[in-house]
Amino acid sequence: MRYFITGTAGFIGFHLARRLLQDGHEVVGFDGMTPYYNITLKHMRNAALAQFPAFRQVMAMLEDRNALEDAVASAKADVMVHFAAQAGVRYSLENPRAYLTSNLEGSWNILEIAKDAGVKHLMLASTSSIYGANPTVPFRETDRSDEPLTFYAATKKSMELMAHSYAHLHKTPTTAFRFFTVYGPWGRPDMALFKFVKNILEDQPIEIYGEGKMSRDFTYIDDLVEALVRLSSVIPSEANRVSDERIETLSHQAPFRVVNIGGGQPESLMTFVETVEKALGQPAKRKMLPMQKGDVPRTFASPDLLVALTGYKPETKLDVGVKAFVDWYLDARSDLERQLEGVR
Ligand SMILES: NC(=O)c1ccc[n+]([C@@H]2O[C@H](COP(=O)([O-])OP(=O)(O)OC[C@H]3O[C@@H](n4cnc5c(N)ncnc54)[C@H](O)[C@@H]3O)[C@@H](O)[C@H]2O)c1
């Protein structure tokens, strides 16, 4: 199969691309190498992908319509996967424009181009953040998700809505995935695991928000990728409708569905900190801070729809996944530390 994937220099796009290449597929990767975090890590991911002859990399921004159009046309892809975005919850307070252009204009360009590209399946990365501070857990895809707490979440929800209208009008089968705190090797330097490991090793304090009372449904990267690989062949169509109407989100108007990718096993932030300490064999200096503007108290996925569609749900235990990250970090440490000075 041929895949066109945006955001392949990023954490999740890199992992999916590598898995597909290992499975013998062809991948064209598209990434603008944005400077949100140190691009050296992005270059390192690109270099790892470039070892596969079936990988081709296009470096351009989603907002560059002509470049995106040319890249999609030359890829002749069966499946398009759209990960490239301005990610991160807190940065959306600092620089909302980056979210406006990448996540709204950029995603709209993807929709416009996909409608004429004849792809069998368009896959889009959305987020658990769209559930905001919903009090009812676990979060089901059928729950309301129209009270986003951050502009990041608002742009992702908007992408889902734009995609539904395009799926209705142009019939491109489209699935939007709501990811829950993805972590693992090659992870993002702006996320807690990376920052905690780095600071503990440097004997610096770690900042624990919400006085440690928040919880997150952590998803290990390999589990996420496995779910994505399985879902790529579950085309949203009436033939694939799940009979349990309480969980099915397949639209009655369009070949469009949203699916959570999360295991439904939330952990408290303090358990997370202890797990990192254990993996490093070193205690953290803890700096307890209040919740930050826009933080949600918890995330908790219902995996029922994912299981109904694929027979699979993320299962990797937090201690196993954190250990894998720490092993990778220690291995890549000297390279990373030299190259990641001044990361966010
Ligand atoms: N990591 C998580 O826990 C998580 C959780 C929920 C949702 N998501 C979503 O998953 C997707 C991938 O996230 P990630 O963690 O790999 O993030 P990432 O920042 O590591 O990767 C995103 C990539 O997109 C590229 N990019 C950003 N804006 C671009 C633009 N306008 N044009 C071209 N390229 C651009 C960046 O250079 C980067 O390499 C994102 O859509 C993100 O919102 C991630």
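Residues numbered from 1 in each chain as written. Predicted model: local features only at pLDDT ≥ 70, side-chain atom pairs only at ≥ 80, totals over all residues.

Colleague: Help me out: how do you make sense of the overall build of the protein in this one?
Modeller: Scanning the protein for helices and strands turns up 11 helices and 13 strands. Rg of the C-alpha trace for the protein: 19 Å, near the compact-globule value of 20 Å for 344 residues, within the 12% margin. Here the C-alpha coordinates of the protein stretch approximately 55 × 45 × 35 Å along the principal axes. In the protein, which comprises 344 residues, the proportion classed as buried is 47%. Put simply, 82% of the contacts in the protein that link residues at least 6 apart link residues at least 24 apart. (Helix = DSSP H or I, 4+ residues; strand = E, 2+ residues; numbered from the N terminus. Rg over C-alpha atoms; globule rule 2.2 N^0.38 Å. Buried ≥ 20, exposed ≤ 12 C-beta atoms within 10 Å, placed from the backbone. Contact = placed C-beta atoms within 7 Å.)

Colleague: Just checking my understanding: could you explain the nonpolar core for this structure?
Modeller: Nonpolar side chains tend to gather and get buried jointly when the protein is soluble and globular. Among the nonpolar cores identified, the biggest contains 90 residues, and Phe4, Ala17, Met80, Leu193, Val197 and Leu224 are the most heavily contacted of them. The element that contributes the greatest number of residues to this core is helix α6 (residues 151–170), accounting for eight residues. (Core = buried A, V, L, I, M, F, W, Y, C linked by C-beta atoms within 7 Å.)

Colleague: I would appreciate a short explanation of the UniProt feature "domain: NAD-dependent epimerase/dehydratase" (unreviewed entry) in the protein in the present structure.
Modeller: Under the feature "domain: NAD-dependent epimerase/dehydratase" (unreviewed entry), the UniProt entry names residues 4–231. Within residues 4–231, the helical portion is 45% and the strand portion 18%, while the C-alpha atoms at the span's ends are 16 Å from each other. (UniProt positions renumbered as here; feature names shortened; annotations may be inferred.)

Colleague: Explain the site of the ligand to me, please; I cannot follow it from the model alone.
Modeller: Contacts to the ligand come from 27 residues, most closely from Gly10, Gly32, Ala85, Ser102 and Phe179. Looking at the shell around the ligand, the elements that each hand over two or more residues are α1 (11–22), α5 (96–117) and β5 (121–127). (Near = placed C-beta within 6 Å.)

Colleague: Would you mind going over the pairing of strand β3 (residues 55–59) with me for this structure?
Modeller: Strand residues, when the strand is regular, have side chains that alternate between the two faces of the sheet. Here strand β2 (residues 26–31) pairs with β3 via five bridges, running parallel. Residue pairing for β3: aspartate 31 is matched across the bridge by methionine 59. Regarding the hand of the β-α-β motif, the stretch spanning β2, helix α2 (residues 39–50) and β3 is right-handed. (Pairing = 2+ DSSP bridges. Right-handed = clockwise from strand over helix to strand, strands pointing away.)

Colleague: So what exactly am I meant to see when it comes to the sheet that holds strand β11 (residues 256–261) here?
Modeller: Two modes of strand pairing occur in sheets, parallel and antiparallel, and in both the strands are linked by backbone hydrogen bonds. With parallel pairing, the seven strands of this open sheet are ordered in space as β3-β2-β1-β4-β5-β6-β11. At either end of the open sheet lies a strand with only one pairing partner, and these are β3 and β11. On average, each strand axis in the sheet is inclined to that of its neighbour by 20 degrees, with strand direction left out of account. The sheet contact formed by strand β1 (residues 2–6) and β2 spans five bridges and is parallel. By the bridge assignment for β2, arginine 2 is matched with glutamate 26. (Axes fitted to C-alpha atoms, helices over the stretch in contact; angles between N-to-C directions.)

Colleague: Explain unusual backbone geometry here, please?
Modeller: Where the residue is not glycine, phi is negative for most of them; where a peptide bond is considered, it is trans in most cases. With an omega of -5 degrees, the peptide bond running from valine 137 to proline 138 counts as cis. In this structure, proline 138 sits in the loop between β5 and α6. Positive phi values are uncommon outside glycine, yet lysine 76 reaches one of about 45 degrees. Residue position: lysine 76 is located in the loop between α3 (65–75) and β4 (79–82). Owing to 13 C-beta atoms within 10 Å, lysine 76 belongs among the partly exposed residues under this scheme. Despite not being glycine, tryptophan 186 shows a phi value in the positive range, around 65 degrees. For tryptophan 186, the location among the structural elements is in the loop between β7 (182–183) and α7 (192–201). Judged by the 19 C-beta atoms lying within 10 Å of it, tryptophan 186 falls in the partly exposed class.

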